[in-house]
Amino acid sequence: QVQLVESGGGLVQPGGSLRLSCAASGFTFSSYFMSWYRQAPGKERELVASISSAGGLTNYGDSVKGRFTISRDNAKNTVYLQMNSLKPEDTAVYYCNVRYLLQNKWGQGTQVTVSS
């Protein structure tokens, strides 16, 4: 079965950086777009970034453009989210996502808290 396991979250000061990882299994990772979403308390889940199967195409939410970078390593079945210049409004649970057989699959999420 599809399994997505996120890691790398934590507490960071404003202006700091974090790198999230998502280890995938149970499907042919190199054949699928992968995405990162986030959900802050009281808000809807929103798309942060997505990347094509070979990594040549990326897309970002307006609020993170120029600060976050999505990448993938198909040899390791892992997708990454490098987050720089973090702001308090980036505080959220971050989820890894794949649309597999017309269904959204999610990891358990990793908490990112940006606070001084």
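Up top is the structure these notes are about.
Residues numbered from 1 in each chain as written. Predicted model: local features only at pLDDT ≥ 70, side-chain atom pairs only at ≥ 80, totals over all residues. Heavy atoms only, no water.

Caption draft 1: Spatial organisation of the pattern of salt bridges. One pass over the full model with this rule turns up 4 salt bridges. We note a salt bridge from Glu-46 to Arg-38, for which the minimum N-O separation is 2.6 Å. Lys-65 is paired through a salt bridge with Asp-62; the nearest N and O atoms lie 3.1 Å apart. Residue class for Lys-65 comes out partly exposed when judged on its relative accessible area of 49%. Taken together, the shared-partner salt bridges in this structure form one network comprising Arg-38, Glu-46, Arg-67 and Asp-90. (Salt bridge = Lys/Arg side-chain N within 4 Å of Asp/Glu carboxyl O. Buried < 20%, exposed > 50% of the residue type's maximum accessible area, 1.4 Å probe, protein only.)

Caption draft 2: Structural detail: unusual backbone geometry. Even without glycine at this site, Leu-101 takes up a positive phi of about 50°. The residue Leu-101 is located in the loop between strand E9 (92-100) and strand E10 (103-106) in this model. In this structure, Leu-102 takes a positive phi of about 65° despite not being glycine. Note that Leu-102 resides in the loop between E9 and E10. (Helix = DSSP H or I, 4+ residues; strand = E, 2+ residues; numbered from the N terminus.)

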